[in-house]
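Structure at a glance
This is what each chain is made of:
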Amino acid sequence: MTTLVGLVANPVAGRDIRRITARASLVPNHEKTAIVRRVLAGLDAAGVEAVRYLPDLAGVVRAALDGSHHALAADPLAMQLTGRAEDSAEAARLLVAEGAAVIVTLGGDGTNRAVAAGCADVPLVAVSTGTNNVFPTMVDGTVAGLAAGLVATGRVGGDGVVRQSKRVEVAGDFALVDAAGCRDRFVGSRAVWDPERVQALVLARAEPWNVGLSAIGGALCPVGVDEPAGLCVELGSGGPVVRVALAPGLVLPVAVRRWRRLGLDEPVLLGDGPGTIALDGERELAVEVPTEARVTRTGPWLVDIRETLRRGSGHG
């Protein structure tokens, strides 16, 4: 049976309004093309035979394939493009149906959230090229391709190589890292960068070295990626003020009213009334009443790139 790996490279990842309001770097499509070219080289070296990919409107993967020297059979998925996040979700669903063993993603938290909506139990190798990059890994594409290939071909596996991530479930949707109850009544430009517009946060993970809303929780009570716990943070006066990196190059003081750790599946209200809910840093849902959220161990399966390569080193 042919070993198939999926590839979803989001050409619009890392191009939101935070490029103006903060000092985030732009990852141009020619650089994404170079990363994809390296991913393909890693997949080929690991013994992968076929790649199916999201046929993005910018032609990122098509350009990476031009002039490449490898034995991979690489073909675009047969799908209608909309230019929206749904393209990534639909690509993931098609890859599951076609029997992909692993899906490699290029993007940020938003891209991976879209892919997670359709990837079922197919594990992800998430390469960071977005603005909010808590979920994906900053890693060379060659190494990412090698790890994806070793898992896809079955040469490396077992406990610790692929793990199921947490997520925040809210209002019939989910976030991979953070859900925020915002005062804004409309979605607007989507991206959240002003902490005064945020009422409360529910975090699946909270590390002080990350950038974004989850860094607020990381400054108060770190919660690791594998811990069976989450964190609820209410913003406002009455408690500590922490300084955190809310976006690349943007360090702001954030007033915190109170916070507490959450157990898995423990419900908590996100905000106190009409407003919007931001999922992984982008306003997505308009709500009229306080909305319940909970952290669960039902997120996508994720390949641990370092552990995969460590175990692979023992097999040449």
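This text follows the structure it describes.
What comes next is a walk through the structure. Keep in mind it's a predicted model, so treat the numbers as computed, not measured. (Residues numbered from 1 in each chain as written. Predicted model: local features only at pLDDT ≥ 70, side-chain atom pairs only at ≥ 80, totals over all residues. Heavy atoms only, no water.)

To continue, consider the overall build of the protein chain. Regarding its fold elements, the protein chain presents eight helices and 18 strands. The C-alpha extent of the protein chain, read off along each of the three principal axes, is 60 × 40 × 35 Å. Looking at the protein chain residue by residue over its 316 residues, the buried ones come to 53%. Carbon and sulfur atoms make up 52% of the accessible area of the protein chain, which amounts to about 13,200 Å² in all. Between the mean site of the 32 positive side-chain charges and the mean site of the 35 negative ones, the protein chain shows a separation of 4 Å. (Helix = DSSP H or I, 4+ residues; strand = E, 2+ residues; numbered from the N terminus. Buried < 20%, exposed > 50% of the residue type's maximum accessible area, 1.4 Å probe, protein only. Areas by Shrake-Rupley, 256 points an atom, 1.4 Å probe, with all protein chains shown as cover. Lys, Arg positive; Asp, Glu negative; His and termini not counted. Charge placed at Lys NZ, Arg CZ, Asp CG, Glu CD.)

Let us look at the pattern of salt bridges. Taken as a whole and assessed by the stated rule, the structure comprises 19 salt bridges. Two residues, glutamate 266 and arginine 260, come together in a salt bridge whose shortest N-O distance is 2.7 Å. Through salt bridges with shared partners, a single ionic network connects Glu31, Arg38 and Asp140. (Salt bridge = Lys/Arg side-chain N within 4 Å of Asp/Glu carboxyl O.)

Across its twelve residues, helix α4 (residues 86–97) extends 17 Å between first and last C-alpha, which sits within 8% of the 16 Å expected from 1.5 Å per residue. Those residues of α4 not exposed but buried are Asp87, Ser88, Ala89, Ala91, Ala92 and Leu95. For α4, the secondary structure elements touched by its buried residues are β1 (4–9), β2 (50–53), β4 (102–107) and α5 (109–116). Positive phi shows up at glycine 99, right after α4, with a value of about 90°. (Expected span 1.5 Å × (residues − 1). Contact = heavy atoms within 4.5 Å.)

Here seven strands make up an open sheet; going across it, the order is β12-β13-β11-β10-β9-β15-β16 and the pairing antiparallel. In this open sheet, the two strands that pair with only one neighbour each are β12 (241–247) and β16 (282–287). Strand-to-strand twist in this sheet, taken as the mean axis angle between neighbours without regard to direction, amounts to 35°. The pairing of strand β10 (residues 198–203) with strand β11 (residues 229–235) spans four bridges and is classified as antiparallel. For leucine 203, the partnering residue across the bridge sits in β11 and is leucine 231. (Pairing = 2+ DSSP bridges. Axes fitted to C-alpha atoms, helices over the stretch in contact; angles between N-to-C directions.)

Attention shifts here to the side chain of aspartate 56. Relative to the assigned elements, aspartate 56 resides in the loop between β2 and α3 (60–65). Arginine 62 provides the closest opposite charge to the buried, unpaired aspartate 56, separated from it by 6.5 Å. Of the polar contacts made by the side chain of aspartate 56, one reaches the backbone nitrogen of valine 60; its length is 2.9 Å. Contact partners of aspartate 56, with chain neighbours within four places excluded, come to Ala9, Pro11, Val61 and Leu81. (Polar contact = N/O pair within 3.5 Å; in protein donor to acceptor, adjacent residues only side chain to side chain.)

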